[in-house]
Amino acid sequence: MFSLETANIERAINNAKALHPKVKMIEFGTYEVTGSTGNTYIVRCYRAAGEKIVECNCATRAGVACKHGLAAVSLHIALAARRGH
Ligand SMILES: [Zn+2]
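Asks: Can you explain the environment of Asn15? Please cite residues and give values.
Replies: Checked against the element boundaries, Asn15 lands in helix α1 (residues 10-19). On the basis of neighbour counts, which here come to 17 C-beta atoms within 10 Å, the residue Asn15 falls in the partly exposed class. Taking the C-alpha atoms as reference points, Asn15 and Gly38, 23 residues apart in sequence, are found 16 Å from one another.

Asks: Account for the nonpolar core, naming residues and giving values.
Replies: Side chains of nonpolar character tend, in soluble globular proteins, to be buried together. The biggest cluster of nonpolar side chains holds 17 residues, and the ones touching the most others in it are Ala12, Val33, Val43, Val54, Ala65, Leu70 and Ala72. Of all the secondary structure elements, the ones that give two or more residues to this core are α1, β3 (30-34), β4 (40-48), β5 (51-56) and α2 (67-83). Filtering out sequence-adjacent residues up to four positions away, Val54 remains in contact with Met1, Phe2, Leu4, Val43, Cys45, Gly69 and Val73.

Asks: Now, about unusual backbone geometry: what can you tell me, with residues and values included?
Replies: The phi torsion at His20 lies on the positive side, around 45°, for a residue other than glycine. Looking at the element boundaries, His20 is found in the loop between α1 and β2 (22-27). The exposure class of His20 is exposed, given the 11 C-beta atoms found within 10 Å.

Asks: Break down the sheet that holds β4 for me, with residues and values.
Replies: Judged by pairing direction, the sheet is antiparallel, and its five strands sit side by side in the order β1-β5-β4-β3-β2 without closing on themselves. The strands lining the two open edges of the sheet, one partner per strand, are β1 (2-3) and β2. The pairing of β3 with β4 spans five bridges and is antiparallel. Across the sheet, Thr30 pairs through a bridge with Arg44, a residue of β4. Sitting on the sheet, α2 is in contact with β1, β2, β3, β4 and β5, with an inclination near 55° to β4.

Conventions used here
- Residues numbered from 1 in each chain as written.
- Predicted model: local features only at pLDDT ≥ 70, side-chain atom pairs only at ≥ 80, totals over all residues.
- Helix = DSSP H or I, 4+ residues; strand = E, 2+ residues; numbered from the N terminus.
- Buried ≥ 20, exposed ≤ 12 C-beta atoms within 10 Å, placed from the backbone.
- Core = buried A, V, L, I, M, F, W, Y, C linked by C-beta atoms within 7 Å.
- Contact = placed C-beta atoms within 7 Å.
- Pairing = 2+ DSSP bridges.
- Axes fitted to C-alpha atoms, helices over the stretch in contact; angles between N-to-C directions.

This is the structure we're talking about:
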């Protein structure tokens, strides 16, 4: 789990761009991301205490942004903008 406000997301964004993980929406805020090795991860995006929280079930340690989370959050932000919140 990491916060978009506090994690260093630049590296994860670059990883996500290089690997093009596939993102599928399960429901708004919950996404299934297929990683480079074919593994799938579940990513949840939500707000808590004013921060945008991203939760991924991969092995990346807490506070560090992972590429799955970033791939999911970019779709989440696009969907949220379309919904107007
Ligand atoms: Zn991850």
